[in-house]
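Chain by chain, the residues:
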Amino acid sequence: MRAHREATVDLNAIAGNVEAIRRIAGTTHFMAIAKANGYGHGAAAVANAAIDGGADWLGVVDAAEARVLRDAGIRGPILTWLHGPDETFQAAVELDLEVGVSSLSQLERAAAAGVASVHVKVDTGLGRNGSPPDLWEELFARAHALERSRGPKIRGIFSHLANAGPEADAAQLEEFERAQSAAASLGVQPEFVHIAATEGTLGRPESRYNFVRVGLGCYGLSPFPDIPPSKFGLTPALELSAAVASVKRVGSGSGISYGHNYSTERETTIALVPLGYADGVPRHASNRGPVSINGNNFTVSGVIAMDQFVVDVGDADVAVGDRAILFGNPAHGIPSAQDWASAADTITYEIVARIGARVERRSISGA
Ligand SMILES: *Cc1c(COP(=O)(O)O)cnc(C)c1O
């Protein structure tokens, strides 16, 4: 039985997506990124499916996210990289995590806690996390000194691409090479070198090194708005749907939802879908978001509210309990996450990651 509001997650699709990207990427290590509750898909289920597909690493932002995976019985290496200012890394030790360090302070705290392995993160031009170039030497020198005095092993050196176009990416890769040279000249010899996320992995082979960190692609979505996932052999894993909660016939000129910025043009049937912006349906897609009911595609009518929105279905045969599908695998004739991203002027990442806690996640194993 489908829940009233449901995100149906096809775990075979996730395993298949990991396999497909591994085939494209070649013989690198493969980290499946399961942060943000597995991009809204459910972290533990996703992590297990990714492992089934051949992922040998998992990545989440911090120990709290990693704990969810360990509590679900998942072993194997997990990397975290975005830490609170007071992080002591006790939990990282308790949970046997590898820790990404972006600063001397994080390195010292990780070492003091007894963390076994660190990956040093360098900023090569994203301007976000990671050590800035003027501090690389100090950071690598200290990491090396700690490693030699039985401190954390320097397991990796990593960075993150801004995906700001071919030239900017090339400049970042050059900067990343410079960071690797700086590390090598201080005697640091990390086993893993990584910078590519999904976009780099699929679109920039020279960014793969011996390790890729793939999030979006595991979920069957494409980082390129104009290239569908199917082009890479990827299958969208999540379908967001709800049971139509009410249906009624209204006359011409009926105002619909807050502000009445939709008005019926003739006598028509309106269907109520119990998903709103609290469930992650972007209000910005009001009057634009696509919805499939009984194989017909409609558009949201009026403003998306916190808990619900309305669809003018004309004279189509729609009944209470029929399934309204917002997005899923477009091969099934239904809208895609990209359709919703376009309708809301955003990216597919945000469409799936914001699916709210009220939406029940149900795992299936599709064909
Ligand atoms: C989220 C994240 C990724 C994955 O990015 P995708 O574009 O979803 O593949 C990789 N690395 C880091 C550090 C991240 O924060």
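Residues numbered from 1 in each chain as written. Predicted model: local features only at pLDDT ≥ 70, side-chain atom pairs only at ≥ 80, totals over all residues. Heavy atoms only, no water.

A. The arrangement of the overall build of the protein chain in detail. A tally of helices and strands in the protein chain yields 11 helices and 19 strands. Taken over C-alpha atoms, the radius of gyration comes to 23 Å for the protein chain, in line with the 21 Å a tight globule of 367 residues would show. When each of the 367 residues of the protein chain is scored for burial, the buried share is 53%. Considering only intrachain contacts with a sequence separation of at least 6, the fraction spanning at least 24 residues in the protein chain is 64%. Taken as a whole, the protein chain presents about 15,700 Å² of accessible surface, with 50% of it coming from carbon and sulfur. Separation of charge centres in the protein chain, based on 31 positive and 41 negative side chains, amounts to 3 Å. (Helix = DSSP H or I, 4+ residues; strand = E, 2+ residues; numbered from the N terminus. Rg over C-alpha atoms; globule rule 2.2 N^0.38 Å. Buried < 20%, exposed > 50% of the residue type's maximum accessible area, 1.4 Å probe, protein only. Contact = heavy atoms within 4.5 Å. Areas by Shrake-Rupley, 256 points an atom, 1.4 Å probe, with all protein chains shown as cover. Lys, Arg positive; Asp, Glu negative; His and termini not counted. Charge placed at Lys NZ, Arg CZ, Asp CG, Glu CD.)

B. Focus on the packing of helix α6 (residues 104–113) against helix α7 (residues 136–148). Between α6 and α7, the shortest axis-to-axis distance is 10 Å and the interhelical angle comes to 10°. If you check the angle between α6 and α7, you find them roughly parallel. Contact residues: α6 offers L104, L107, E108 and A111, while α7 offers E138, L139, R142, A143 and L146. A class-by-class count of the residues in the contact of α6 with α7 yields six nonpolar, no polar and three charged. (Axes fitted to C-alpha atoms, helices over the stretch in contact; angles between N-to-C directions. Parallel < 35°, antiparallel > 145°, perpendicular 65-115°, else oblique. Nonpolar A, V, L, I, M, F, W, Y, C, P; charged D, E, K, R; others polar.)

C. Local environment of the sheet that holds strand β15 (residues 290–293). Strand order across the open sheet formed by nine strands is β11-β14-β17-β16-β15-β18-β10-β1-β19, with mixed pairing between neighbours. Looking at the sheet topology across the chains shown, the edges are occupied by β11 (246–250) and β19 (360–364). Neighbour-to-neighbour, the strand axes of this sheet turn through a mean angle of 35°, independent of strand direction. In the sheet, strand β10 (residues 238–243) pairs with strand β18 (residues 323–327) via four bridges, with the strands oriented antiparallel. If you follow L240 over to β18, its bridge partner there is F327. (Pairing = 2+ DSSP bridges.)

D. Quick peek at the side chain of D322. Position of D322 among the secondary structure elements: in the loop between β17 (309–314) and β18. We note that D322 is buried and unpaired, the nearest opposite charge coming from R323 at a distance of 9.6 Å. Engagement of the side chain of D322 in a polar contact is seen with the side chain of N294, the distance being 2.8 Å. Ignoring any residue separated from it by four or fewer positions in sequence, one finds D322 in contact with A242, A243, V244, I293, N294 and D317. (Salt bridge = Lys/Arg side-chain N within 4 Å of Asp/Glu carboxyl O. Polar contact = N/O pair within 3.5 Å; in protein donor to acceptor, adjacent residues only side chain to side chain.)

E. Spotlight on the pairing of strand β1 (residues 5–10). Within β1, six of the six residues are buried, which leaves the element mostly enclosed by the surrounding structure. Residues of β1 alternate between two faces, with R5, A7 and V9 on one and E6, T8 and D10 on the opposite face, all of them buried. Across five bridges, the pairing between β1 and β10 is antiparallel. Note that in β10 the partner of R5 across the bridge is A242. Relative to β19, β1 runs parallel, the two sharing five bridges. Looking at β19, one finds that V9 is bridged to S363.

F. Quick look at the nonpolar core. The biggest cluster of nonpolar side chains holds 105 residues, and the ones touching the most others in it are F30, L275, F309, L326, F327 and W340. Looking at this core element by element, the count peaks at six residues for helix α1 (residues 11–25). The residues touching F309, leaving out its near neighbours within four places in the chain, are A271, L272, V273, L275, V281, V291, V300, I304 and L326. (Core = buried A, V, L, I, M, F, W, Y, C linked by side-chain atoms within 4.5 Å.)

G. Spatial organisation of the site of the ligand. K35, Y39, T198, L216 and Y349 are the nearest of the 13 residues found near the ligand. R213 places a side-chain nitrogen or oxygen 2.9 Å from a nitrogen atom of the ligand. G215 places a main-chain nitrogen or oxygen 2.8 Å from an oxygen atom of the ligand. For the ligand, the protein covers 93% of the area, taking 390 Å² as the surface of the free molecule. Looking at the shell around the ligand, the elements with two or more residues in it are α2 (35–39) and β9 (211–214). Here the shell around the ligand is composed, by residue class, of seven nonpolar, three polar and three charged. (Near = heavy atom within 4 Å.)

H. Geometry of the packing of aromatic side chains. All told, the structure shown has seven aromatic pairs when counted by the stated rule. Ring centres of Y39 and Y219 lie 4.7 Å apart, and the angle between their planes is 20°; this geometry places the pair in the stacked category. Taken together, the residues Y39 in helix α2 and Y219 in the loop between β9 and β10 connect sequence positions 180 residues apart. The interplanar angle of 85° and the centroid separation of 5.4 Å between the aromatic rings of F176 and Y209 together place this pair among those described as edge-to-face. Here the residue F176 occupies a position in helix α8 (residues 166–185), and Y209 occupies one in the loop between α9 (198–203) and β9, the gap between them amounting to 33 residues. A relative accessible area of 26% places Y209 in the partly exposed class. Chaining the aromatic ring pairs together yields one cluster made of Y39, Y219 and Y349. (Phe/Tyr/Trp six-rings, centres within 6.5 Å; stacked < 30°, edge-to-face > 60°.)

I. Broad picture of the environment of H83. By the element assignment, H83 lies in the loop between β4 (78–80) and α5 (90–94). For H83, a relative accessible area of 13% corresponds to the buried category. On a C-alpha basis, the gap between H83 and V61 in space is 7.5 Å, while along the polypeptide they are 22 residues apart. Among all residues touching H83, those that are not within four sequence positions of it are V61, F89, V99, G100 and Q106. A distance of 2.7 Å separates the side chain of H83 from the backbone oxygen of G100, its partner in a polar contact.

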